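# Structure at a glance
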Amino acid sequence: MEFNICLVERHKISSLNTEEETRENKVLEIMREKEYDSELDGATSVIFDICSIFEETRKIKFLVQGFGDDSWPVDCRYDLPNIIEDMHYFIKNKILSGNYNFQLRFDEQGIQRYIDVKDKGGELELICHSYTGWRPVPESVKINKNEFSKKMMKLYNDFIVYA
């Protein structure tokens, strides 16, 4: 199985059921009352709030696939903010500068995995590690640099668009 990381816009339903409508109204109410403190809150606070809205409304799904697992146990509320926070750094200081040696970390309880990204010339080797009993099969996969770059940039761009 190929490695994949993305945001998926869940099926748009033309008419909301009562539960979905209540959930969306609750989120809107919370966001209307939300105020950020310029000294205490920064980009991290905003990212976490956006990811919480994705999770609460269930309109956006964070999807990671690969290493023998069709759907990693990740979510928008806890796992996505950590990846998005690091994404600007990865794209600017690693991918665009041609330095593909870094780690994608999924440290939240329940998943506790990380992927070593290793530059192997024309392609990358992604090596998956786990701190739990789960074991990746295969432990490593190869991916074209351009394909990997596109996946990372699409994830980041989709986050901005959906936000």
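One can find the structure itself at the top, above this paragraph.
It should be emphasised that the depicted structure is a prediction, and the values quoted were computed from it without experimental measurement.

### A word on the overall build of the chain
If you tally the helices and strands in the chain, you get 4 helices and 6 strands. Relative to its full complement of 163 residues, the chain shows a buried share of 39%. Partitioning the contacts of the chain with sequence separation of at least 6, the portion at a separation of at least 24 is 57%. Here the chain has roughly 9600 Å² of accessible surface; of this, 48% comes from carbon and sulfur atoms.

### Details of the packing of aromatic side chains
Enumeration over the complete set of coordinates arrives at 9 aromatic pairs. When the ring of phenylalanine 54 is compared with that of phenylalanine 159, the centres are 5.7 Å apart and the planes differ by 75°; the resulting orientation is edge-to-face. Of this pair, phenylalanine 54 sits in helix H2 (residues 43-57) while phenylalanine 159 is found in helix H4 (residues 145-162), placing the two residues 105 residues apart along the sequence. Its relative accessible area of 6% is what places phenylalanine 159 among the buried residues. Taking 6.2 Å as the distance between ring centres and 45° as the angle between the ring planes, the aromatic pair formed by phenylalanine 102 and phenylalanine 148 counts as tilted. Within this pair, whereas phenylalanine 102 is found in strand E3 (residues 102-106), its partner phenylalanine 148 is found in helix H4, the two being separated by 46 residues in sequence. By relative accessible area, which is 0% here, phenylalanine 148 ends up buried. In this structure an aromatic cluster arises from ring pairing among Phe3, Phe67, Trp72, Phe106 and Trp134.

### Observations concerning the pattern of salt bridges
One pass over the structure, following the stated rule, counts 7 salt bridges. A salt bridge links glutamate 56 to arginine 77, with the nearest nitrogen and oxygen atoms 2.9 Å apart. Pair noted here: glutamate 56 is in helix H2 and arginine 77 is in the loop between strand E2 (60-65) and helix H3 (79-95), with a separation of 21 residues, a long-range link. On the accessibility criterion, glutamate 56 (24% relative accessible area) is partly exposed. Between arginine 113 and aspartate 69 there is a salt bridge, with its nearest N and O atoms 3.3 Å apart. Linking arginine 113 in strand E4 (residues 113-120) with aspartate 69 in the loop between E2 and H3, this pair joins segments that are 44 residues apart in sequence.

### What to know about H3
By the largest-angle criterion, aspartate 86 marks the main kink of H3, which is about 35°. Among the residues making up H3, those that are buried are Asp79, Leu80, Pro81, Ile83, Ile84, Met87, Phe90, Ile91, Lys94 and Ile95. Buried residues along H3 sit in contact with strand E1 (4-9), H2, E2, E3 and H4.

### A look at the environment of glutamate 56
Spatially, the C-alpha atom of glutamate 56 lies 8.9 Å from that of cysteine 76, the residues being 20 residues apart in sequence. Separated by 2.9 Å, the side chains of glutamate 56 and arginine 77 make a polar contact.

### Examining the nonpolar core
Counting residues in hydrophobic clusters, the biggest one holds 37 residues, and the most contacted among them are Phe3, Phe62, Phe106 and Phe148. With 7 residues, the top contributor of residues to this core is H3. Setting aside anything within four residues of it in sequence, one finds phenylalanine 62 in contact with Ile5, Cys6, Leu7, Val74, Asp75, Cys76, Asp79, Leu80, Ile83, Phe106 and Leu155.

What counts, and at which threshold
Residues numbered from 1 in each chain as written. Predicted model: local features only at pLDDT ≥ 70, side-chain atom pairs only at ≥ 80, totals over all residues. Heavy atoms only, no water. Helix = DSSP H or I, 4+ residues; strand = E, 2+ residues; numbered from the N terminus. Buried < 20%, exposed > 50% of the residue type's maximum accessible area, 1.4 Å probe, protein only. Contact = heavy atoms within 4.5 Å. Areas by Shrake-Rupley, 256 points an atom, 1.4 Å probe, with all protein chains shown as cover. Phe/Tyr/Trp six-rings, centres within 6.5 Å; stacked < 30°, edge-to-face > 60°. Salt bridge = Lys/Arg side-chain N within 4 Å of Asp/Glu carboxyl O. Bend = angle between axes of the 7 residues up to and from the residue. Polar contact = N/O pair within 3.5 Å; in protein donor to acceptor, adjacent residues only side chain to side chain. Core = buried A, V, L, I, M, F, W, Y, C linked by side-chain atoms within 4.5 Å.

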